[in-house]
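Understanding the architecture of this molecule
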Amino acid sequence: MTDLAPAPTERAARSIKNPRLPQYAPLIALVVAVAASALLGLTLGWGVIPIGIVAAIFYLIGLTTWSRIIENARAATDRLVTSLVWVSLTIALIPLVSLLWKVIDEGKGALNGKFLTYSMRNVIGEPGGIYHAIMGTLLITLAAAVISVPIGLLAAVYLVEYGAHSQLARWIRFLVDVMTGIPSIVAGLFAYALFSLIVGPGTQFGIGGGVALSILMIPIVVRSSEEMLKLVPADLREASYALGVPKWKTILKVVIPTAMAGIITGVTLAIARVIGETAPLLIICGATDSVNLNLFHGQMASLPVFIYGSYTQPGSNPEILKQMAWGAALILILIVMALNILARVLGKLFSPKTGH
Amino acid sequence: MNRTLRRVAAPGIAALALGLAVSACGAGNESDGSGSSLKGTIAGAGSSAQDSAMKAWRAGYQTDNSGVTVNYNPSGSGAGVEQFVDGAIDFAASDSALDAEKGEIDAAKSRCGGENALEVPSYVSPIAVVYSLDGVDKLNLSASTIAKIFDGKITKWNDAAIAIDNPGVDLPGSTITPVHRSDESGTTKNFTDYLSKAADGAWKYPSDKVWPLKSGEAANGTSGVIAAIKSGSIGYADESQVGDLTVASIKVGDAYVAPSAEGAAKALEVSPTDDTRAEGDLAIKVDRTTTEAGAYPLFLASYVIACPTYDKAKADIVKGFLSYVVSTDGQAAAASNAGSAPLPAALQTKAASIINTIAAK
Amino acid sequence: MSTVTTGTGSPKRRLGDLVFANLTRAAGLTILIALAGVGIFLTVEGIPAFGAGPDDLKGHSNLLTYVAPLVFGTLLAAVIALLIAVPLALGVALSISHYAPRRIAAGVGYLVDLLAAVPSVVYGLWGIAVLGPKLVPVYKWLASHFDWIPFFAGPASNTGRTIFTASIVLALMVLPIVTAITREIFAQTPRLNEEAALALGATRWEMIRLAVLPYGRSGIVSAAMLGLGRALGETMAVAMVLSASGVVTWNLISATNPSTIAANIALTFADATGTARNALIASGLVLFLITFVVNFSARAIVSRYEPGSK
C-alpha cells in the first residue's frame, strides 16, 4: 500500500490495490504550501493574510495534484474535499479568534475598579464607569425572564402534558419555531408601538425592553423546556397517578422538579441569548448617563446600547469613550460566556440522572 | 430530585439576593451630597450637537446643586421640540429656531399656557470642512467649489476649480470621496444652508437636516464622519471634534478663513436677530454671505427653548440651569469641553436677561 | 406521551386539573396572541405612514418608494451573506459530523456555538474596527482589476464600510445556526447507508455525496432559509458597519451603499419624529412579514421531513 509511484500500466492492472499517499502526506503538503507562500510573500512584501490565503490555495492544488498523479481521480477528489472541509473550518474560526483577541486587547485597558462602580453622570473628559449600564442590563433581562419563564414553561407543559397531539398544540409548536426567527428590531418596534398606544407616544422605559426581549426569549424557553419535559420518563408520571395524585399535582411535584435542572439550563441559555441584544433596547429603552433602577419610569442604560453609543457617538473625547466601549464589550462577552458555562454546568449536574 | 432542585436553587437565590443587594446602592460617583437647597429633576431633549456642551453644563450645575438632576436626551432637534410641545420635557434644545410655518411657535405658545416660549442661543460652533490628502496640509476652498465637490461635479483633487484657490499647491489626481452624515443633523442643515446661500447657485438643494444626495460615503454622527475621513476624502463636521484631521479654509470676501471659535463668534455678531419674533425669542438670521474680515460664516447656532413660567417645583431649577448655560462660566465650560464659541458679550447679556424672566406660576 | 387517564377522581381533583390545564393552555395562547400582536401593533402604528409626505420619508414621495430600496438592500446583503455562509457552514458541519475525531469535533462544536454567543453589537465593533480596514486593499485591488464586473465597479471605499463587508459580518453571524442544523441532520444519516457506501468501495467524499447529502438535502435548504431569516433581520452589525445611502446599486465595494430595513430603523429612529417614526414602523412591518414568510417556509420544510420528531 505504501509503494511509491508505480508505472501507469501497472496501476491500471492493480486497480483494487491502488497506491496510496503516505499518511502524513497532508502535513507535508501543508508545510510545503506554507513555506512556498511565505517565501513568495516575503519577496513580494505581502502581509500575513495574503500569505495565508495563497498558502491555502497552494495546499489545495498541491495535495490534489499529488494525489491525482500517485493515486487516482477519485482519491484526488476525496482529498480535495477533505482539504476544503478543513479550510472552511479554519476560515470560520479565524474571525472568532480575531474578534476575541481584539476585544480583549482593546478592552483590558479600560477595566479598573471605577469602571465597574461608576456611572457616566457628571463625567467629562475622563473615563467614567458602566455601573448604570450593567444595572440596566441586569434589570431589563430580569424583567424579560420574569415575563418569559412562567409563560414559556406553562406553554411547554401544555404542549407536552395536555395538548400533546391536539391541533392547537401543533400550531403553537410550529409558530413558536417561526417566532424564533423574529428580528430583534421588530420585537423592539412592537414594544414601542404597544406602549405608544397604552402609555403615550414616545414612551421609553426599562420594562418595555423587558417586553421586547421576552418576545425573543419565550420561544427559546418553550422549546428547551418542552425537550426537557419530554425526557421525563412516563413511568414517573404513572407511578404518581397510581398513588392517586391528580395530574396537575403530578406535573408540579414530579414532572417539573425532575426536569428542573434542564429547564434552568434552557432558561440560562435563553438569557445568554437575549442579554446582548441591542436593537430593541435602542428603540424602547433609550439611554442615560445616570443610574436608573426604576423599570417603569425613565430611560434606562444597558450594556449593548452603551457600547453602541460610546463607539459611534463618542463626542469630543473619542479615545476615552471608544476604549470604554471596548471595555464594556469585554464585560458583556464575559457575562455571556459565564452564562453559557453556567448552563453547561447545570446541564452536567442534570444529565447523569436521566439515563433516558 | 429534591436535592438536585435545592442544589441549583440555593446558588440561584444567592445570586439573585446578591444582585438585589448590589442594585440597592447607587454608583460610586452618584452620592447624595449637599450644596444648595434646590431639589428636583428637570428633563430636556433635543440637539445632539449640544450634547457635549450639555454634559458640561449639567455636570457644572449638578455639582453646585447636588439635589438636582438635569436629564438631557440628545434625541435630535426635531424630537426635542416635539417632546417640548407635548409637555413631556421641561426644555428643548434645537439647532434651528422655532419655525412659524410649521406652527411650532403657536404650538410652543399653547404648551406654555398661552405665553410665548423663550428661545435663546446657547451654543455656537464652527463647522469645519475636513479633508485628508497626502502631502496637502493646507487647502483653500470657495463655497461654490465645496458645493461642486459634494454634488459630485468635481471628482478629482487636481480639478482646475480647486487649483485656482490653491496656487503653488501640488494637488494629486486622485478621486475625491465626499463624506456626509447619514443621520438627520443640525450640522447638515447648517452646512447645506451655507452652500445654498453662499455658493452662487452651485448648490441647488434647499437647506435640510437630511443630506439631499445619494452619493459619496455616508457616516453616522459627527464621530462617524471623522472616522470615515481617509486619504482622499472630504467631509464636514463640528470643529470641536476634528482632532488631528486637516481642515480647509473657506473663502470669505477675498480672504480665506480657517474655522475657529472667534471667527464663528464674529460672524454671529454681524448676523441680525430676527425682529419679527416676539419678545423673549432671540432667533438669529445667520448671514452666510458676510464679507467681514475674520468672520467664519459656516457655523451652527443652537438654541435652548423654555417656557416663561413653570410650577413652583421646577421654575427655580429651569431658571437656574439655563442661567448657568448662558452665563460666562457656562459658556466657558462648554468652550473647554465641547470646543464651542462663547456667545458674544452683547448677545449673552440679552440671553441672560430673557432667562431671568422665568418665574413660578 | 403515554398518559394514563384514570376514570375516577373526586370533583376537587378535577377542578385543580381544569384550572391548571386551562392555565397552561392560556400560556400557549398568549404566545399566539403575542405573535399576532406583533403584526397588529406594527400595522396600527404603521398605517399613519401611508399618508406621509417627502418630509417624513427622506425625500421619497410615498411609502412604497421609501421602502423598496431598503428591501433591495436587505435582500442583497442577506443573499450575499448566505452565499458565503452556507458553503462554509456545510464544511464546518461535515468536519464536525464526519471528519474530525470525536474529541476535536466536540471542541469545534463548542467554538461554533461561541460564535453564536457573541452579541451583535460586538460583531459591529469588530466589523468597523478590524474587518473593514483590512478589506480596503482588497477592494482597491478588485476595483482596479475587475471593474468590468458590475459588482466591483468601484470606486473602492476608503473605509471598507461597504455592503460586502456588512455581508461578511452577517455571514459570520448566521454561520452558527446554519451549521447547527445541518450538522444535526448529517449526524442523523442512517449509519447503514453510510457503511453500505463505504463497503462498496466509495471514498469518504463519495459516501457523503451518495448517502449523507441526499439524506440531508431538505435540512440544508431549511437551514439556509433559517439563516436567511436571521440575516434579513440582523440590525446592529449592519448599522455599525455600513456606509448606507439608501441607493439601489449592484456595486458592492463603493462608499455609496444600499441600506437595509433594520439598519435604517436603528440609525434613524432616535432622530425621527411623528409620521417619520410611523414610516419606520411600517418598514419594520415589511421586514416582519418577509422574515415571517421565510421562517414559516423553512420550518414547514423541516417539520415535513422531520421523521417522527415527536
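Source: prediction; values computed, not measured. (Residues numbered from 1 in each chain as written. Chains lettered and ligands numbered in written order. Predicted model: local features only at pLDDT ≥ 70, side-chain atom pairs only at ≥ 80, totals over all residues. Heavy atoms only, no water.)

This paragraph deals with the UniProt feature "domain: PBP" (unreviewed entry) in chain B. Here, UniProt's "domain: PBP" (unreviewed entry) annotation points to residues 37-328 of chain B. Secondary structure content for residues 37-328 of chain B is 32% helix and 23% strand, while the C-alpha to C-alpha distance between its ends is 23 Å. (UniProt positions renumbered as here; feature names shortened; annotations may be inferred. Helix = DSSP H or I, 4+ residues; strand = E, 2+ residues; numbered from the N terminus.)

All names here are of chain A. The final tally for this structure, using the stated rule, is 27 salt bridges over all chains. Glu-226 serves as the salt-bridge partner of Arg-173, at 2.7 Å between the closest nitrogen and oxygen. Here the residue Arg-173 occupies a position in helix 7 (residues 167-179), and Glu-226 occupies one in helix 9 (residues 206-231), the gap between them amounting to 53 residues. What makes Arg-173 buried here is its relative accessible area of 14%. A relative accessible area of 0% places Glu-226 in the buried class. Arg-223 is paired through a salt bridge with Asp-177; the nearest N and O atoms lie 2.7 Å apart. Placement of the pair is Arg-223 in helix 9 and Asp-177 in helix 7, with a sequence separation of 46 residues. A single salt-bridge network, built from bridges that share partners, covers Arg-173, Asp-177, Arg-223, Glu-226, Glu-227 and Lys-230. (Salt bridge = Lys/Arg side-chain N within 4 Å of Asp/Glu carboxyl O. Buried < 20%, exposed > 50% of the residue type's maximum accessible area, 1.4 Å probe, protein only.)

Another point: the confidence of the model for chain C. Residue and element names in this part refer to chain C. On average, chain C scores 87 in pLDDT, and the residues at 70 or more come to 94%. Confidence, read as mean pLDDT per element, is least for helix 3 (residues 102-117) in chain C (85) and greatest for helix 2 (residues 63-99) (93). Throughout residues 1-12 the model reports pLDDT below 50, and contacts reaching past four residues in sequence, or to other chains, amount to 14 contacts. (pLDDT = per-residue confidence, 0-100. Contact = heavy atoms within 4.5 Å.)

Every contact between the two is made by 89 residues of chain A and, on the other side, 85 residues of chain C. One can count 2 salt bridges joining chain A with chain C. Of the charged contacts, one joins Arg-344 of chain A and Asp-113 of chain C as a salt bridge, the two residues approaching to 3.9 Å between their closest N and O atoms. Joining chain A to chain C, the criterion identifies 10 residue pairs in polar contact (both at pLDDT 80 or more). Among the elements that line the side of chain A that touches chain C, the one with the most residues is helix 4 (residues 73-107) of chain A, at 19 residues. (Polar contact = N/O pair within 3.5 Å; in protein donor to acceptor, adjacent residues only side chain to side chain.)

Time to look at the UniProt feature "transmembrane region" (unreviewed entry) in chain C. Residues and elements named next belong to chain C. According to UniProt, the "transmembrane region" (unreviewed entry) feature falls on residues 20-43, 63-96, 108-131, 163-182 and 279-302. Along residues 20-43 one finds 100% helix and 0% strand; the C-alpha atoms at either end are 34 Å apart. Structurally, residues 108-131 comprises 92% helix and 0% strand, and the distance from its first C-alpha atom to its last is 23 Å.

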